[in-house]
Protein chains: 2
Amino acid sequence: MTDVATEKPRRGRPPVSDEQRRLQRLDISRHAVRLFSEQGVAATSGEQIAQAAGVSERTFWRHFPQKESCVEPLLTKVVDAFCAVVRAWPREVELIDHLREAYSPLEDTASDEDIDAVLSVVRLTQSERALRAAYLMLRERAEDALAEVLGERMGRPASDINVRVRAASMSAALKVSTDEVARAAAGGVTTETLEGHREQIATALRDLSQML
Amino acid sequence: MTDVATEKPRRGRPPVSDEQRRLQRLDISRHAVRLFSEQGVAATSGEQIAQAAGVSERTFWRHFPQKESCVEPLLTKVVDAFCAVVRAWPREVELIDHLREAYSPLEDTASDEDIDAVLSVVRLTQSERALRAAYLMLRERAEDALAEVLGERMGRPASDINVRVRAASMSAALKVSTDEVARAAAGGVTTETLEGHREQIATALRDLSQML
DNA sequence: ACAGTTGTTGGCACCATCTGCCAACAACCG
DNA sequence: CGGTTGTTGGCAGATGGTGCCAACAACTGT
């Protein structure tokens, strides 16, 4: 008997849209990442980030329950891009071929200047332990999403072991190649950097199949 | 010109052996894990753990720079066991066959009662975000060790992309099957639980090869 | 036995992280 | 305009975590 969309005519201030929340988080995230890379994570206080972003410390902590989660809004972009491509994977095409064709990391989901930011955050996670932990947690959330897609494609529940192993392995391969491309892009991002990434992930998956 | 083992005759109190440090950490770890599972991580203060382990809060923080790292001494056991088996992998044998033959998780590295503890910690990481993050970081360190082994076997540096992808994927497959066996062992550990794990990881790797 | 040297421990002060609570305010309604 | 609901910021307070220092423990040579 719980109504779904049949609500009372609404009274009082409406809650802000999820989209606006997302943008606000993203804005804070950019400031935080800049500070993190300039002076290190440990040396950057929550107060400092809040001030840079123009909000009170209290609302900053409301947006990001932990300091390190500041990087999530930017980091999700690289993972979401991959999930989107996998979701669009036609059944009749080989996965490697589909990736090589359709996977242009970030180019769709992120603006040009954000690509720089995202890659620099990935690089940051390689030296800052706290950020790395946040990154790995994020990737595991994405692993679940991947399992959903793969499971549906294989006609099995996403909780199936077989499905989970595939999702985890694909995610791991993506992680390694993403780390690599971020390292390679340290001195400025070129189009061929990203194309290198596409090739990277394709060959990574191919290598995988020869392992056993 | 830096002497390696040719030191001055040593004066003053000798530093405690690494082995003793390890045991002390392990002891504290057991107390911490018990408290964590009894009342949750957030509700367990560092002071409480220190008191339970019979050390001052100050030395507790010296042993574990962050509260969550309390689980490392126990969690490494499950990862180390796998690394040891991979290290002992003869060149002429198929990896899957070797694992099915030689991999008896924990049975060698951990005492019987510790097996319970280790598996319960793995289960804990599935509900406690902070512990999960620590677990993932730990696994990534093990990934490096794995890459060393695989790299040497393939005649390439451990930093080689191909090597890293394989290490990451194997590690991921192990992660999923370890999570699964921990879940399955929720109601008491039996021998077949662990043998199930062995079979789990073997089939997991086989599945992997059919993905592409 | 004693002084000199080095490593470990615990206590204290201190800053940073993060939370609960509440008053102020903003955005909608009739 | 008053009523209602959601968001913000300030403040107090507990916990996490570090630097510093004095006390002590374990060794060496005389």
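The structure under discussion appears in the preceding block.
The rules behind the values
Residues numbered from 1 in each chain as written. Chains lettered and ligands numbered in written order. Predicted model: local features only at pLDDT ≥ 70, side-chain atom pairs only at ≥ 80, totals over all residues. Heavy atoms only, no water. Buried < 20%, exposed > 50% of the residue type's maximum accessible area, 1.4 Å probe, protein only. Helix = DSSP H or I, 4+ residues; strand = E, 2+ residues; numbered from the N terminus. Arc of directions from axis to C-beta. Least-squares fit on C-alpha atoms with pLDDT ≥ 70 in both. Contact = heavy atoms within 4.5 Å. Salt bridge = Lys/Arg side-chain N within 4 Å of Asp/Glu carboxyl O. Buried area = accessible area lost by both parts, 1.4 Å probe.

A. Helix α5 (residues 95-102) of chain A, seen in detail. Buried within α5(A) are the following residues: A:Leu95, A:Ile96, A:His98 and A:Leu99. Across the axial projection of α5(A), the buried residues extend over an arc of 160 degrees, all falling on one side.

B. Quick peek at the relation of the copies chain A and chain B. For the pair chain A and chain B, the best superposition has an RMSD of 0.0 Å and corresponds to a rotation of 180 degrees with a translation of 0.0 Å parallel to the axis. The superposition operator between the copies reduces to a two-fold rotation axis. Comparing interface residues between copies, 100% of those in chain A also lie at the interface in chain B; the contact surface is shared.

C. Just the pattern of salt bridges, in detail. Residue and element names in this part refer to chain A. As enumerated under the stated definition, the model contains 26 salt bridges over all chains in all. Asp-179 is paired through a salt bridge with Arg-132; the nearest N and O atoms lie 2.7 Å apart. Highlighted residues: Asp-179 in helix α8 (residues 161-184) and Arg-132 in helix α7 (residues 129-154), separated in sequence by 47 residues. Given the relative accessible area of 7%, Asp-179 is considered buried. Relative accessible area serves as the criterion here: at 8%, Arg-132 is assigned to the buried category.

D. A look at the interface of chain A and chain B. Every contact between the two is made by 32 residues of chain A and, on the other side, 33 residues of chain B. Summing the contributions of chain A and of chain B, the shared interface buries around 3,300 Å²; its carbon and sulfur component is 66%. In this assembly, chain A and chain B are joined by 6 salt bridges. For B:Arg132, the salt bridge goes to A:Glu140, with nearest N and O atoms at 2.7 Å. Contributing elements (two or more residues each) for the side of chain A that touches chain B: α7, α8 and α9 (191-209) of chain A. Considering each element in turn, the side of chain A that touches chain B owes the most residues, 13 residues, to α8(A).

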